[in-house]
Amino acid sequence: ALMPTAIVTGSGGLVGSEAARFLAAKGLTVAGIDNDMRKYFFGDEASTAWSISNLKSQISNYIHHSIDIRDTLALERLFAEYAGDITLIIHTAGQPSHDWAAREPQTDFTVNANGTLNLLEAARFHCPEAVFVFISTNKVYGDRPNQLPLVESVNRRSIDFAHEYANGITETMPIDACTHSIMGVSKVAADLMVQEYGRYFGMKTVCFRGGCLTGPGHSGAELHGFLAYLMKCCVIGREYQVFGYKGKQVRDNIHSADLIEAFWQFYQAPRAGEVYNIGGGVYSNVSILEAIALSEEIAGKRMLRSYREQPRTGDHIWWVSGIDKFRSHYPEWHVTRDIRVTMEEIYRAIVERT
């Protein structure tokens, strides 16, 4: 047999590019799918072309395919080409912004929902034994987390320490009867379909519901890529806008390297139709005010910022992922990089690139 092959969609993106490098280093052939839709979504500044060209030139066992995941025929040809060699699919391609989704709901839905279905069908037909890893989102919970009892302090809001979610929000939180944003709904559709292919067809599928995913590979844009964009503003002297909640809203952030390690653990011992909240959890979370202060400290300069009273629709006030379920299934995995380490790494990457 040929080398086992991994298909990575969105291979020019933050998680996709890191996954491609990781898997290639493990000896898999990596077939990357990315047509730089990110440029269409967020403009030239967010283009992943630089990242794709790095992968092509730096990794001998990486093969690039500029395919749109809405193109069922192109996907069909690709899966037929590798067929039985495909042991792993990591699906990270998607439209990731709430604000953008409302401009073009059909584009958003066909990319996020139909694109995922296209991949599942291709996998079911050509490589039903392959492990299918889907990068879902905590936005499947909509704005439900904003009903949690929160306590305000100087720089952040926190959950009451006696609450069942004190160590992070778990998979028990309901996902309906709340506002999701258009993008949240397209991701819910994809998430449920990935689960269904596990439950109904017995495929080895998993949804990782991530909070903020971060790292030096991010093409940070204002609408997507919170820490990378914030640090970029600080470095180049661009004004950063804080939207609502006095800047005390909290996000956990997981470094893309820690996330890929979680995928690898799952790949070693897969399950069917599984769902995990994944993120920095209690080990790695930050409020916007704290992140601004940390950026200023690391970059050694003051940051230009402005404040808007109106929060973004569906924005979480407090999100910390409860990662106990994943850790109970895969006890060897843990978060290795906290906010400071991650932000120092982002800072170095931005300085090198600018």
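Here the structure is shown first, and the text comes after it.
Residues numbered from 1 in each chain as written. Predicted model: local features only at pLDDT ≥ 70, side-chain atom pairs only at ≥ 80, totals over all residues. Heavy atoms only, no water.

Enquirer: Describe in detail the nonpolar core, supporting the description with residues and values.
Expert: Counting residues in hydrophobic clusters, the biggest one holds 35 residues, and the most contacted among them are Val133, Phe208 and Phe263. Elements supplying a minimum of two residues to this core: β1 (5-9), α1 (14-25), β4 (86-91), β5 (131-137), β8 (204-210), α9 (256-268) and β12 (274-278). Considering every element that reaches this core, the biggest residue donor is α9, with seven residues. Ignoring sequence-local partners within four residues, the contact set of Val133 consists of Leu88, Ile89, Ile90, His91, Val206, Phe208, Phe263 and Phe266. In terms of nonpolar packing, the next biggest core, distinct from the first, is built from 33 residues, Ala93, Leu119, Ala130 and Phe134 among them. (Core = buried A, V, L, I, M, F, W, Y, C linked by side-chain atoms within 4.5 Å. Buried < 20%, exposed > 50% of the residue type's maximum accessible area, 1.4 Å probe, protein only. Helix = DSSP H or I, 4+ residues; strand = E, 2+ residues; numbered from the N terminus. Contact = heavy atoms within 4.5 Å.)

Enquirer: Can you tell me about helix α6 (residues 105-126), naming the residues and giving the values?
Expert: Between the first and last C-alpha of α6 there are 30 Å, a value that for 22 residues agrees with the 32 Å anticipated at 1.5 Å per step. In α6, a bend of some 30° at Asn114 exceeds every other bend along the element. (Expected span 1.5 Å × (residues − 1). Bend = angle between axes of the 7 residues up to and from the residue.)

Enquirer: Give a detailed account of the sheet that holds β12, specifying residues and quantitative values.
Expert: One open sheet accounts for seven strands, arranged β3-β2-β1-β4-β5-β8-β12; its pairing is parallel. The open sheet has two free edges, formed respectively by β3 (62-65) and β12, since each of these has just one partner strand. Neighbouring strand axes in the sheet, compared pairwise and without regard to direction, differ in orientation by 20° on average. Here β8 pairs with β12 via five bridges, running parallel. Considered in β12, the bridge of Cys207 is made with Val275. Strand contacts of helix α7 (residues 182-199): β5, β8 and β12, with the helix running at about 150° to β8, the strand carrying the most contacts. (Pairing = 2+ DSSP bridges. Axes fitted to C-alpha atoms, helices over the stretch in contact; angles between N-to-C directions.)

Enquirer: So what about the packing of α6 against α7? Which residues, and what values?
Expert: The axes of two packed helices give the description: the angle between them and the distance between them. It is at 8 Å that the axes of α6 and α7 come closest, and there the two elements cross at 10°. Taken together, the axis directions place α6 and α7 in an arrangement best described as roughly parallel. Contacts from Pro105, Asp108, Phe109, Asn112, Ala113, Thr116, Leu117, Leu120, Glu121 and Arg124 in α6 reach Ile182, Met183, Ser186, Lys187, Ala189, Ala190, Met193, Val194 and Tyr197 in α7. Partitioning the contact of α6 with α7 into residue classes produces twelve nonpolar, three polar and four charged. (Parallel < 35°, antiparallel > 145°, perpendicular 65-115°, else oblique. Nonpolar A, V, L, I, M, F, W, Y, C, P; charged D, E, K, R; others polar.)

Enquirer: Let's hear about unusual backbone geometry: which residues, and what values?
Expert: Phi is positive for Ala83, close to 35°, though the residue is something other than glycine. In this structure, Ala83 sits in the loop between α4 (72-82) and β4. Ala83 gets classed as partly exposed once you look at its relative accessible area, which sits at 21%. Although it is not a glycine, Tyr245 adopts a positive phi angle of roughly 55°. Here Tyr245 is to be found in the loop between β10 (240-243) and β11 (250-255).

Enquirer: Help me get a handle on the packing of helix α8 (residues 226-236) against helix α10 (residues 288-299), residues and values and all.
Expert: α10 packs onto α8 with a crossing angle of 45° between their chain directions and a minimal axis gap of 10 Å. By the angle between their axes, α8 is oblique relative to α10. Crossing hand, α8 versus α10: right-handed. Counted together, Phe226, Leu227, Leu230, Met231 and Cys234 of α8 and Ile288, Ala291, Ile292, Ser295, Glu296, Ile298 and Ala299 of α10 form the full contact between these two elements. Considering only residue class, the contact of α8 with α10 consists of ten nonpolar, one polar and one charged. (Left-handed = near helix turned anticlockwise from the far one by under 90°.)

Enquirer: Tell me what's going on with the packing of aromatic side chains, and back it up with residues and numbers.
Expert: Geometry of an aromatic ring pair is reported as the spacing of the ring centres plus the angle between the planes. Per the counting criterion, the structure on display carries 20 aromatic pairs. On the basis of an interplanar angle of 65° and a centroid distance of 5.6 Å, the ring pair of Phe208 and Phe326 is categorised as edge-to-face. A residue pair is termed long-range when its members are at least 10 positions apart, and Phe208 in strand β8 and Phe326 in helix α11 (residues 324-329) qualify at 118 residues. Its relative accessible area of 0% is what places Phe326 among the buried residues. Connected via pairs of aromatic rings, a cluster forms that spans Phe208, Phe263, Phe266, Tyr276, Phe326, Tyr330 and Trp333. A cation over a ring is seen here: Arg124 above Phe201, with NZ or CZ 4.1 Å from the ring centre. (Phe/Tyr/Trp six-rings, centres within 6.5 Å; stacked < 30°, edge-to-face > 60°. Lys NZ or Arg CZ within 6 Å of the ring centre and 35° of its normal.)

Enquirer: Which residues make up the environment of Gly10, and what are the values?
Expert: On the secondary structure map, Gly10 appears in the loop between β1 and α1. For the pair Gly10 and Asp143, spaced 133 residues apart in sequence, the C-alpha to C-alpha distance is 26 Å. Setting aside residues up to four positions removed in sequence, Gly10 forms contacts with Gly16, Ser17, Ile33, Asp34, Thr92 and Ala93.

Enquirer: Can you tell me about α10, naming the residues and giving the values?
Expert: The α-helix winds at 3.6 residues per turn, so residues separated by three or four positions along the chain end up facing the same way. With twelve residues, α10 should cover 16 Å at 1.5 Å per step; its first-to-last C-alpha distance of 16 Å lies within 8% of that length. Among the residues making up α10, those that are buried are Ile288, Ala291, Ile292, Leu294, Ser295, Glu296, Ile298 and Ala299. Where the residues of α10 are buried, they touch α8, β10, β13 (285-287), β14 (305-308) and α12 (339-353).

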